[in-house]
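Observations on chain architecture
Listed below, chain by chain, are the residues.
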Amino acid sequence: MWTKQFLFVVVILGMYQVISQDIYVAEVMVESNVTLSSENILASWSKDTTITTNTTIISSELVAECLVIGEDYSCNCSTGYAWSNEVCYSYGCCNESTCKQNVSQATSICVPKTNGNKVFSYTNDVHPTIPDYNEFKVKVNVDVNSSRLQELLDSLLPSSPILVSTQGMVNIKGPSGTVKYESDQTFDCTFEYESDSASWNQTKGTQNLGVREGRLTEIKNCPTTVDYKSCSEMTLKKVTGAWEGTYMCIFTIGKISHTASTALDVDLLPDEITMTYKPLIADCSEKPETPAKVTVTAMIPETEGTYNLTWEENGKKSVQANPNMSQKSCDLETEDGVEWPKTPPETIVQNPKCPAGRIGFRSRTCNANAKWEDVISKCISEELGKVANAAENFRNGLGATPEVAKSIFEGIKNTSSSASSGSSVDDLADIGASINIFGVMKDASKNIELGEEMLNDVVEAASNMVNASWDSLPEENILEMSSQYLTNVEGLVKEIKINNSEGLNSSNLELRFCSSDDCSISIFGVGVNMNKTNGTVKTMAVKNLMNKLKSREFPKKNHSSLVLSATLVDSNDSDINIQIFFPDEQPSATERICVFWDNDAKDWSSEGCVANITDDNQTLCICNHLTAFSVLMAKSANVSSESLEMITYIGLGVSIFSLLIFLFVESLVWSAVTKSNLSHFRHTAVVNIAVFRLLADCSFLASIEPDSLSEDMCLGLTVCKHLFYLAMFCWMLCLSVMLVHQLIFVFSPVRKRVFMYLSSIVGYVLPMALVASSYVYYRYTEQEYFDKKSCWLRYDRLLEGSIHAFLLPVGTIVLSNLFSMVVVIVTLVKTSVPDSSKADDKDTAKSILKVVVFLTPVFGVTWIFGFVFLILDYDNPLHTPVNYIFTILNSFQGLFILLTGLAEQKVRQELVKIVMAKTGRDTDSIKKFTNSSATTYTKDK
C-alpha cells in the first residue's frame, strides 16, 4: 500500500527585470512519496530554476504538512503559521492543533501569524452580577473578518446588549517620544475594512474621556487606500498637561469596536502658577527715602519634573517717591477677616485669601477720591472650580461626551441652588462663575451636540441664578452679569437639540417649543404668536431679571416683570414677524415701549418693534426680528423727566424750610394772635396743616430711591405718606367748614370746646381710621397695599387699587374746599355792593383775588391739577403743561403757606413788636410798617 504525503508549500515567485521588479506570492501544492522529505524537495528547487512561465523562484518555505492514510487526514501548520480564516470558517480548524479535515481545496490554508496578538474583549450587560457572563478576552493570531465575526455574534447572542472590541487589527501612528509643550500633534489611524464610524478616547489613570471636535481639537477622515478602507486623523493644538495620556482610536462596525492605542508624553510646563505678594501694596509714605521691600512667591502644583525659574518684570516702570509730596490714600481696613492695606488712589488690590473650601481671589478698588469701593469676590467653591475646568476641557474637545455635559450642568445646578439662598459676595461669585460656564458650554455646543436630556438641569440652574439678590454688586457689574446671563442662557437654549420635549418650567424660568407652522404659545402669562414655514420656535421667559438690566437709553422707566426671548432654529425664513402680548402690569401707564436687548450696546432698544394697546389693556409688541424682548412703561405722574425731578426736589426743600419758619413764627406770635375764638380756630387748623405737610414732605424725600430701601422700610414710608397727607387734607376741611359756618352764621359762633373736639376727630381719628382700614382690607384680601417700585399706593385700574383709599377722600375734601371758596367769594361780593350799587368794581376784584391767592394753599385747591393730570391722556397737548403746573404748585405749597401766614396783619404787627423789643428800638413805625391791611374773611369775635 502506497502512502502518499501531500505537501502544501507557500513559495514566493519573482520575476526580475532590468528596469523594474514585480514580486508575487503563490501557493503551490506538491504531492510527494513518503520516502521523500519536504525539505529535500524544496532544496532541489534551485533559485535559478526557470518555469515555462518565465517565473524565477527567489525563495521557498514550508508552511503546512498533511499526512493522509486512507480517508484519514492529519494536517498541521508549520511554526510561525496559523490556519487561515477560510479553513477556520469552512472546516472548523481555528487553532494551532492538528486538523482532521481535508483542507486541500481551500484557497489559502496557512497564513503567517501577524505581529502581536489580536485581543477580543466581550462585555455582556444582561447578567452584570455574574462574573462568567460579564466579560472575557480572547487572543487570536490571525486577521479576523469583521463581518463574519458580527454574524457569529448575532447568531450566538442575538438579543443581548453586548460590546465587543478588538486590538491589533487597527494601525495607529502618533508622536514618538516626548513632545514640546504647547505644540500641535497629529495622530493617524487606519483600518483595512470599511467602518460605520470612527472615534477617539483619552485615558489617564482611571479617567477615560472622549475626544471630540473642539476649540483645540480637529478630527477628520483622511484619504483611504487600497489596503486601508477606513482612516481617521486627529490633531491636538497647543498640548498641555491636560492632553497627556494614552489615546485610543476606535473604528466601529455593528457591535464590534476595533481599537488601537498610543501614548502622548508632553514635556510639561506648569499649567497653573500661583503668585503671592507680601505685602500686597508697598507703602512708601512713611520713609520714602528707604526702598520698600515686597516678597513675591511663585508656586506650582507638585510634579516629578525639574524646572528652571527665571523672573521678568513687565508693566509700568517704578516711580521714585517724592518725600515732599503728600498723597491721599485709602486707609488700612480689615473686612470679614480680609486685610486691605493702605493703597494709593486709582489702584486695584487683589487678595488671594478666600474662605475655606473656596479658590480664587477678592479684589477691591481704591478710587480717585481715595475711598475704598465694595469688595468684588472671585472666590468660587472648589467643586464649581472643578466643573469650570471640565467645561473648559469640554469646549477644547477633551471629554466632550453627553455624559460629561450632563455632569457639568448638574454641578452648576447644585452650586446655584446653594448660592441662591444667600446674597454674599462669595455666593454672587459662584453665580457669576456659573454664568461663565454656561457661556463656555454654549460655545462648545456649536461643535458637540447637546441633547434635550440636558434641559432640566439647565432650566433649574438658570432659575436659581436669578433668584438671589445681586444688590451687593456695583451697578456696572450687575449690568454686565445680567447681560452675560441673558446672552449665555438664550444661546445655550438655542443650541440644545429638541426631539420630543414641548418645554419645561421652574420658579423663575419657563421654556416652550413649537414646531408647527402657526405657533401660539403662552409662557408665564405672555402670549406669543408667530407664523413660519419651517423650523422650531424656542421661547424662554425669565423672572427677576428686568430689575437687573438697568437702561441708560430709557432712564427712570418702569418695566414689566418678564424678559421674553424667542429664537427660530432650523429655518430658512428671512421675513420674520412675532407678536407678543404682555399682560397689564401697570394700568396707569400712558406710554408703553416695546424693547429688545441690544447685546452690542448693552442696553434696551426699540428698533424694529411697535407697541400697541389691546382692548383688555395688554401691551401688544410686534417686532420684525427675534431676540430678548420686554416692555418699558412710563406715566409722568410716576416717572418724571429730569427737569420735573429737579423742580420737585427744589420745591420740597424750599417747602420744608418755609414750613419750619412758619411754625417758628407761629410759636412766637401764638399768644398774641389767638385771643379770639375765630383766630384760635384758624391758627390751630393752619398749624396742623403745616405740621402734617412737613411730615409728608420729609417722608416723600426719604422714599425718592425705592430700590435702595428694604420692603419693610418702603411699607413704613408708604403708610406715613398716606396718613400725613390725609391728615393735612382733613385739617383743611376743618378750616373751610369753620370759615363757611362763620360767614353764614355770624351771630351763632362755634364754641371753642366744640370746635376742638370735632376737629380732633376729623383731623386725627378719621385719617388714622382710613389708613388702618385700607391696610387691613388689602392684607385680608391678599392684595398688594403698596408698590415696591415707588413706595406709594398701588393703582391697578379704575376703582381698583389702594390708591383709591387716598384719591376718594382727597377728592371729596378738595371739592368741599372749592365750594367753600365759592361761598367766601360770593359773600364777599355781596357785602361789597352798597345800597347805591355804585361800588368800586376794581376794589371788589382785588379783594376776590386776594381771597383766591390766600385760601388756595390752605384749602389744597392746587391738587385739582393732579386729578386733571390723571384724567388726561399722554398724547393730550395739555398733559405736559398740567404736569408742570401741578408739580410746581404742589412742591412749593409750604412756601405758599408761609406767605399766607405772614400776610395776616396781626402776625406782622406782633413780629414787629418782638423785633423792636429785642433791638430796643422805638415802636412808632409799627403803624407805617403794617399800614397795608390784609383781606379779612370775617370779623373776630
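Small disclaimer: the values here were computed from a predicted structure and weren't measured. (Residues numbered from 1 in each chain as written. Predicted model: local features only at pLDDT ≥ 70, side-chain atom pairs only at ≥ 80, totals over all residues. Heavy atoms only, no water.)

The next point concerns the overall build of the chain. Helices and strands together make up the secondary structure of the chain, namely 20 helices and 42 strands. For the chain, with 941 residues in total, the buried portion stands at 43%. Counted over contacts in the chain with a minimum sequence separation of 6, partners at least 24 positions apart contribute 66%. When the accessible surface of the chain is split by element, carbon and sulfur atoms take 53% of a total near 51,000 Å². (Helix = DSSP H or I, 4+ residues; strand = E, 2+ residues; numbered from the N terminus. Buried < 20%, exposed > 50% of the residue type's maximum accessible area, 1.4 Å probe, protein only. Contact = heavy atoms within 4.5 Å. Areas by Shrake-Rupley, 256 points an atom, 1.4 Å probe, with all protein chains shown as cover.)

Next up on the list: the state of the cysteines. Each disulfide is one covalent bond, formed between the sulfur atoms of two cysteines. Using the criterion set out here, one finds eleven disulfides in the structure. Put simply, Cys594 and Cys621 are joined by a disulfide, and their sulfur atoms are 1.9 Å apart. Measuring handedness by torsion sign, the sulfur bridge of Cys594 and Cys621 sits at about -85° and is left-handed. Taken as a pair, Cys594 in strand β36 (residues 591-598) and Cys621 in strand β39 (residues 619-623) lie far apart in primary sequence, 27 residues in all. (Disulfide = S-S within 2.5 Å.)

Before going further, it helps to examine unusual backbone geometry. Even without a glycine there, the phi angle at Asn544 is positive, about 60°. By the element assignment, Asn544 lies in the loop between β32 (536-543) and β33 (558-559).

Now for the nonpolar core. In this structure, Phe394, Phe438 and Tyr485 are the most contacted members of the largest nonpolar core, which totals 61 residues. With ten residues, helix α7 (residues 425-444) is the largest single contributor of residues to this core. Look past the residues within four positions of Tyr485 in its chain and what remains in contact with it is Ile435, Ala462, Ser463, Met465, Val466, Glu490, Leu509, Val542 and Leu545. Counting residues in hydrophobic clusters, the runner-up holds 51 residues, among them Phe692, Ala696, Met738 and Leu793. (Core = buried A, V, L, I, M, F, W, Y, C linked by side-chain atoms within 4.5 Å.)

Applying the stated rule across the entire model yields 15 salt bridges. As a salt-bridge pair, Glu383 and Lys386 come within 3.7 Å of each other at their nearest N and O atoms. In this pair, Glu383 and Lys386 both sit in helix α5 (residues 382-396), three residues apart, roughly one turn of the helix. Neither residue differs from the other here; Glu383 and Lys386 are each classed as exposed. Across the salt bridge formed by Arg693 and Asp697, the nearest N and O atoms sit 3.1 Å from each other. Within this pair, Arg693 and its partner Asp697 are both found in helix α11 (residues 677-702), separated by four residues, close to a single helical turn. For Asp697, a relative accessible area of 0% translates into the label buried. In this structure, a network of salt bridges that share partners links the residues Arg215, Glu392, Arg395 and Asp443. (Salt bridge = Lys/Arg side-chain N within 4 Å of Asp/Glu carboxyl O.)

Turning next to the side chain of Arg395. When you line up the elements, Arg395 lands in helix α5. A residue is classified by how much of its surface remains accessible, and Arg395, at 14% relative accessible area, is buried. Side chain to side chain, Arg395 and Asp443 meet in a polar contact 3.2 Å long. (Polar contact = N/O pair within 3.5 Å; in protein donor to acceptor, adjacent residues only side chain to side chain.)

Taken together, five strands build an open sheet; the order of strands is β30-β31-β35-β39-β38 and the sheet is antiparallel. Every other strand in the sheet has two partners, leaving β30 (518-523) and β38 (609-613) as the edge strands with one partner each. Adjacent strand axes in the sheet meet at a mean angle of 15° when their direction is disregarded. Summarising the sheet, β30 and strand β31 (residues 526-531) pair through six bridges and their orientation is antiparallel. Bridge pairing in β31 places Cys519 opposite Met530. (Pairing = 2+ DSSP bridges. Axes fitted to C-alpha atoms, helices over the stretch in contact; angles between N-to-C directions.)

Attention shifts here to the pairing of β30. Only one face of β30 is buried, namely the one carrying Cys519, Ile521 and Ile523, since none of Asp518, Ser520 and Ser522 on the opposite face is buried. Hairpin remark: β30 followed by β31, antiparallel, with two residues in the connecting loop; positive phi at Phe524, about 55°.

Looking now at the packing of α11 against helix α13 (residues 752-780). Contact geometry of α11 with α13 gives a least axis separation of 11 Å together with a crossing angle of 15°. In terms of orientation, α11 lies roughly parallel with respect to α13. Judged by the twist between their axes, the crossing of α11 over α13 is right-handed. Of the residues in α13, those touching α11 at Asn677, His680, Phe681, Thr684, Asn688 and Phe692 are Lys752, Phe755, Met756 and Tyr764. (Parallel < 35°, antiparallel > 145°, perpendicular 65-115°, else oblique. Left-handed = near helix turned anticlockwise from the far one by under 90°.)

Below, the discussion takes up a nonpolar patch on the surface. The grouping of Leu269, Ile273, Met275, Tyr277, Val294, Val296, Ile300, Tyr307, Leu309 and Trp311 at the surface amounts to a nonpolar patch, some 930 Å² of accessible area in total. With respect to the helices and strands, the residue Leu269 is situated in the loop between β18 (256-267) and β19 (274-278). (Patch = residues over 30% accessible without salt bridge, like charges linked within 9 Å, V, L, I, M, F, W, Y side chains within 5 Å.)

A few words now on the pairing of strand β35 (residues 578-582). Going residue by residue along β35, you find Ile578, Ile580 and Phe582 tucked away on one face and Gln579 and Phe581 left uncovered on the opposite face. Two elements, β31 and β35, share four bridges in a ladder whose sense is antiparallel. Directly across from Val528, in β35, lies its bridge partner Ile580. In this sheet, β39 lies alongside β35 in antiparallel orientation, the contact comprising five bridges.

Before going further, it helps to spend a moment on the confidence of the model for the chain. Mean pLDDT over the chain stands at 78; residues scoring 70 or higher make up 78%. Confidence drops under a pLDDT of 50 for residues 835-839, and excluding neighbours within four residues, the segment shows three contacts in the predicted structure. (pLDDT = per-residue confidence, 0-100.)

To continue, consider the packing of helix α8 (residues 455-467) against helix α9 (residues 475-495). To characterise two packed helices, one gives the angle between the axes of the helices and the distance between these axes. In the contact formed by α8 and α9, the axes pass within 12 Å of each other and the chain directions differ by 170°. Taken together, α8 and α9 sit at an angle that is classed as roughly antiparallel. Crossing handedness for the pair α8 and α9: left-handed. Residues Val458, Ala462, Ser463, Met465 and Val466 of α8 touch α9, and the partners they reach there are Tyr485, Val489 and Leu492. Of the residues assigned to the contact of α8 with α9, the class counts are seven nonpolar, one polar and no charged. (Nonpolar A, V, L, I, M, F, W, Y, C, P; charged D, E, K, R; others polar.)

This part takes up the packing of aromatic side chains. A full pass over the atoms with the stated rule returns 19 aromatic pairs. Ring geometry for Trp792 against Phe806: centres 5.4 Å apart, planes inclined by 75°, an arrangement best described as edge-to-face. Placement of Trp792 in strand β42 (residues 792-793) and of Phe806 in helix α14 (residues 804-831) is noted, with a sequence separation of 14 residues between them. We note that Trp792, like Phe806, is buried. Taken together, the ring pairs connect Tyr725, Phe729, Trp792, Phe806, Trp863 and Phe886 into an aromatic cluster. (Phe/Tyr/Trp six-rings, centres within 6.5 Å; stacked < 30°, edge-to-face > 60°.)

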